[in-house]
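For reference, the chains in residue letters:
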Amino acid sequence: MKAYLIEKYGDQSAVHAAKMPDPKPGADDVLVKIHAASVNPLDFKIRDGDFKRILPYRLPLVLGNDLAGVVVKIGSAVTRFAVGDEVYARPDIDRIGTFAELIAVHQNDLAHKPTTLTMTEAASLPLVALTSWQALVEKAQVRPGQKVLIHAGSGGVGTIALQLARHLGTHVATTASAANTALVKELGADVVVDYRTQDFEEVLDGYDVVLDTLGGKTLEKSLRILRPGGKVISIAGPPDAAFARELGANPVLRQAMNALSFTTRRHAKRRGVAYSFLFMKADGEQLRGITRLVDAGKVRPVVDRVVPFEQTREAMEYAEKGSAKAGKVVIAMA
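Because the structure is a prediction, the values reported are computed rather than measured.

Chemist: Explain the sheet that holds strand β4 (residues 61–62) here, please?
Modeler: Two modes of strand pairing occur in sheets, parallel and antiparallel, and in both the strands are linked by backbone hydrogen bonds. Here three strands make up an open sheet; going across it, the order is β2-β1-β4 and the pairing antiparallel. Each having just a single partner strand, β2 (16–19) and β4 make up the two edges of the open sheet. With four bridges connecting them, strand β1 (residues 2–6) and β2 associate as antiparallel partners. Within β2, the residue paired with Leu5 across the bridge is His16.

Chemist: In this structure, what is going on with the layout of surface pockets? I would like to understand it.
Modeler: The gaps of empty space that remain are located by a probe, the size of a water molecule, rolled over the atoms. Taken as a whole, the second largest pocket spans an internal volume of roughly 320 Å³. What lines the second largest pocket is a set of 17 residues, and nearest its centre among them are Pro23, Val62, Arg95, Ile96 and Gly97. A total of three residues in the lining of the second largest pocket trace back to one element, the largest contributor, which is strand β7 (residues 102–106).

Chemist: I tried to follow the sheet that holds strand β10 (residues 171–176) on my own but got confused; where do I start?
Modeler: Strand order in this open sheet of six strands is β11-β10-β9-β12-β13-β14, and the pairing throughout is parallel. Of all the strands in the sheet, just β11 (191–194) and β14 (274–277) have a single pairing partner and so form its edges. Here the average twist between neighbouring strands, direction ignored, is 15°. In the packing of helix α3 (residues 126–139) onto the sheet, contacts are made with β9 (147–150), β12 (207–212), β13 (226–234) and β14, and the angle to β13 comes to roughly 150°.

Chemist: How should the packing of α3 against helix α11 (residues 284–295) be read in this particular structure?
Modeler: For any two helices packed against each other, the geometry comes down to the angle between their axes and how far apart the axes lie. One can describe the packing of α3 onto α11 by two numbers: an axis separation of 10 Å at closest approach and a directional angle of 100°. In this view, α3 runs roughly perpendicular relative to α11, as classed from their interaxial angle. Of the residues in α11, those touching α3 at Pro126, Ala129, Leu130, Trp133, Gln134 and Glu138 are Gln286, Leu287, Ile290 and Leu293. For the contact of α3 with α11, the per-class residue count stands at seven nonpolar, two polar and one charged.

Chemist: Just to check I follow, could you spell out unusual backbone geometry for this structure?
Modeler: Trans peptide bonds make up the majority, and among non-glycine residues the majority have a negative phi. Residue Pro60 is bonded to the preceding Leu59 through a cis peptide linkage, with omega at 5°. Note that Pro60 resides in the loop between α1 (41–48) and β4. Backbone geometry places Gln141, a non-glycine residue, at a positive phi of 50°. Relative to the assigned elements, Gln141 resides in the loop between α3 and β9. Even without being glycine, Ala152 reaches a positive phi, approximately 55°. Mapped onto the elements, Ala152 comes out in the loop between β9 and α4 (156–167).

Chemist: Where do I start with the pattern of salt bridges in this structure?
Modeler: Working definition: two side chains of opposite charge can pair if their charged atoms are close together. Throughout the structure, instances matching the rule amount to twelve salt bridges. Between Asp48 and Arg47 there is a salt bridge whose closest N-O contact spans 2.9 Å. Classification of Arg47 by relative accessible area gives buried; the value is 2%. The salt bridge partner of Lys221 is Asp199, with a shortest N-O separation of 3.2 Å. Taken together, the residues Lys221 in helix α7 (residues 216–224) and Asp199 in the loop between β11 and α6 (200–203) connect sequence positions 22 residues apart. A residue is classified by how much of its surface remains accessible, and Lys221, at 25% relative accessible area, is partly exposed. For Asp199, a relative accessible area of 23% corresponds to the partly exposed category. Through salt bridges with shared partners, a single network forms among Arg47, Asp48 and Glu320.

Chemist: It is not clear to me how the pairing of β12 should be interpreted in this structure. Could you clarify?
Modeler: The side chains of a regular strand alternate, residue by residue, between the two faces of the sheet. By the criterion of burial, β12 is predominantly enclosed, with six of the six residues buried. With three bridges connecting them, β9 and β12 associate as parallel partners. Residue pairing in the sheet places Ile150 in a bridge with Leu211 of β12. Summarising the sheet, β12 and β13 pair through five bridges and their orientation is parallel. Residue pairing for β13: Tyr207 is matched across the bridge by Leu226.

Reading the values: the criteria
Residues numbered from 1 in each chain as written. Predicted model: local features only at pLDDT ≥ 70, side-chain atom pairs only at ≥ 80, totals over all residues. Heavy atoms only, no water. Pairing = 2+ DSSP bridges. Helix = DSSP H or I, 4+ residues; strand = E, 2+ residues; numbered from the N terminus. 1 Å grid on protein atoms, 1.4 Å probe; cavity = no way out; pocket = protein on both sides within 12 Å on 5 of 7 lines; lining within 4 Å. Points joined across faces, edges and corners; volume = space filled by probe spheres on them. Axes fitted to C-alpha atoms, helices over the stretch in contact; angles between N-to-C directions. Contact = heavy atoms within 4.5 Å. Parallel < 35°, antiparallel > 145°, perpendicular 65-115°, else oblique. Nonpolar A, V, L, I, M, F, W, Y, C, P; charged D, E, K, R; others polar. Salt bridge = Lys/Arg side-chain N within 4 Å of Asp/Glu carboxyl O. Buried < 20%, exposed > 50% of the residue type's maximum accessible area, 1.4 Å probe, protein only.

Rendered as structure tokens:
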């Protein structure tokens, strides 16, 4: 099969096309012919080697964390899927590789594709939809009537998190450019802060939950707009000990991660709020719940552009430069 991979960590120049052996599915695996995949910031971080200490991948490594496609073979223990099924998934973190023609995915990480979506639309969803679900439902446990701030509302995660927060009955604020104000309001934002002309810390106060997708100064300020007892869930801030435990890291690595987030957690504690780091995990059951929301018209994908498989490197470059106006960049295999 053809795939886009890295043989060493580095910048975009390290990514290249190559022929790889077709994957061999295990007993619980589903072999999927990929019709579309999408680009995520996680792809750049893995390519750069940002996670090599905690995720020791074996090189060469096929990149890609989202897919939609058709089942072409199932393992002997597979009970949920049949050949010909249209599916989508975010593979488990140790089994990535969706910038390819084929992939073997554990049946527990897979779900049937929403019937209302095309393959390219479906491929844009798994990682960002699961991130939004695990942040707002699983970690923050948001309730109707609460006030939620979602940073970068026109981004990949933001466009889905806004819709989910609206579905959950919250009052939603977001940061976005003036050019994307109409879009984020349509997706569910009650309040839009233009990050180019306004400081959200001066506009917002008393929030229950913040979904931080940017880290740095944005994370620091987010702690200050929470009410006592509020929570910041970050996908861009420093990892914490809870994440290290989920990862099964050794004691030394746990201590190192704890140290990385010490300052943030200290500032949060002083303000009577909580900080939590989220590294999204594959979950077919949650993805099936998202499928129901999509088919019920509660959540829709936002796709910036679709590019052919042969231009995978260009798609990554476009996304990494922040050229997308809103939503995801999708790679179509055919």
